[in-house]
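# Summary of structural features
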Amino acid sequence: MRIVHPEFVPDASLSREDMESLQREIAEAAVFEDDLSVDPAAVCGDDAAATDDEQTSLADVDASGDADGEDSEDDADAPADSPLVAGVDQSFVDDHAVSAVVLLRGGEVVERAYAVEPVEIPYVPGLLSFREGTAILSAFDLLSRDPDIALLDGSGRIHFREAGIATHIGVTLDLPTVGVAKSLLCGTPRESLDRKLPQGARVAIEADADVETAEPGTHIGDAVQTRQFENSDRYVNPLIVSPGHRVSADTASDVALACASGYKLPEPTRLADKYADDVKADVRENL
DNA sequence: GCGACAG
DNA sequence: ATCTTGTCGC
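The structure displayed is predicted, hence computed values, not measured ones.

## Quick notes on the protein's contact with DNA strand B
- Around DNA strand B, the surrounding shell holds 17 residues, and the nearest of these are Tyr123, Pro125, Gly126, Asp153 and Lys182.
- At a separation of 2.7 Å, a phosphate oxygen of DNA strand B approaches a polar backbone atom of lysine 182.
- Residues of the surface near DNA strand B, tallied by class, amount to eight nonpolar, six polar and three charged.

## Digging into the layout of surface pockets
- Here the second largest pocket is characterised by a volume of approximately 410 Å³.
- For the second largest pocket, the lining is made up of 26 residues, of which Tyr123, Leu128, Gly154, Ser155 and Ala181 are closest to its centre.
- Among the elements of the structure, β2 (84–93), α2 (128–142) and β6 (177–181) are those that each provide at least two residues to the lining of the second largest pocket.

## Topic: the UniProt feature "site: Interaction with target DNA" (unreviewed entry) in chain A
- Within the UniProt annotation, "site: Interaction with target DNA" (unreviewed entry) is assigned to Tyr123.
- Turning to its location among the elements, tyrosine 123 is positioned in the loop between β4 (108–118) and α2.
- Once residues within four sequence positions are removed from consideration, tyrosine 123 is found in contact with Leu128 and Arg131.

Cut-offs and rules
- Residues numbered from 1 in each chain as written.
- Chains lettered and ligands numbered in written order.
- Predicted model: local features only at pLDDT ≥ 70, side-chain atom pairs only at ≥ 80, totals over all residues.
- Heavy atoms only, no water.
- Near = heavy atom within 4 Å.
- Polar contact = N/O pair within 3.5 Å; in protein donor to acceptor, adjacent residues only side chain to side chain.
- Nonpolar A, V, L, I, M, F, W, Y, C, P; charged D, E, K, R; others polar.
- 1 Å grid on protein atoms, 1.4 Å probe; cavity = no way out; pocket = protein on both sides within 12 Å on 5 of 7 lines; lining within 4 Å.
- Points joined across faces, edges and corners; volume = space filled by probe spheres on them.
- Helix = DSSP H or I, 4+ residues; strand = E, 2+ residues; numbered from the N terminus.
- UniProt positions renumbered as here; feature names shortened; annotations may be inferred.
- Contact = heavy atoms within 4.5 Å.

This is how it looks when you write it as structure tokens:
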């Protein structure tokens, strides 16, 4: 898909100082309120408007792609009107980042693409998008159509400068995005997360002194329990969900929960994670 | 100097 | 993220 804001494209050659100032600009351009073209409740297929046919595609998806793999399948027919949801995740092979994007419509995978780009800088908390952003944008460029919304691994607004990877990519592409992280980068939960939360529960995360661009107390995201053990003493840790761009904190969590399918990770992100991992084998050779 | 932080 | 055995639970 097309880059709407070239000035925000992540540049790993920038100084840490310039990266941070760019993030402040991105945060100001970001919209942390709903501006979606779709109904959050219908994002991941069957719901109230439950359709009909269901088939967990397994042998319909193939593979292709090289230093910039791609492969599109136009079969799966889910409600043609339901939103196109993208799941994005990265894996690494030597000094290269593999970004995988999976497109779902009504719960069915309709297209996948992945891109491989050399990693330029090490991982630095708060600057993740400058390390993985190039690969992500390359993968998005291979898609044959534009998603209505995308779920990315990592934070969005829950970030020191409210410009996590989901926000950076969302603003650059002017695409509604949701950040889905497995742990909290910053901010303070309104309630302790050290206890077993029931399935579907959400605990607000508010800005604290670590979030330098927001007034303390601002609702910047939620800890969301997308999955939980029922008859056990053990428990699953909640996911940390936050707005990337053009979605509110509540809607971001609604989307994550609507895409929950029995696993901790929402289906889009879960499938992208698996795809990114599967692709690693093929990528190792073409290097 | 100490603390501290997505993937 | 990545490297890996065993273990728990449905």
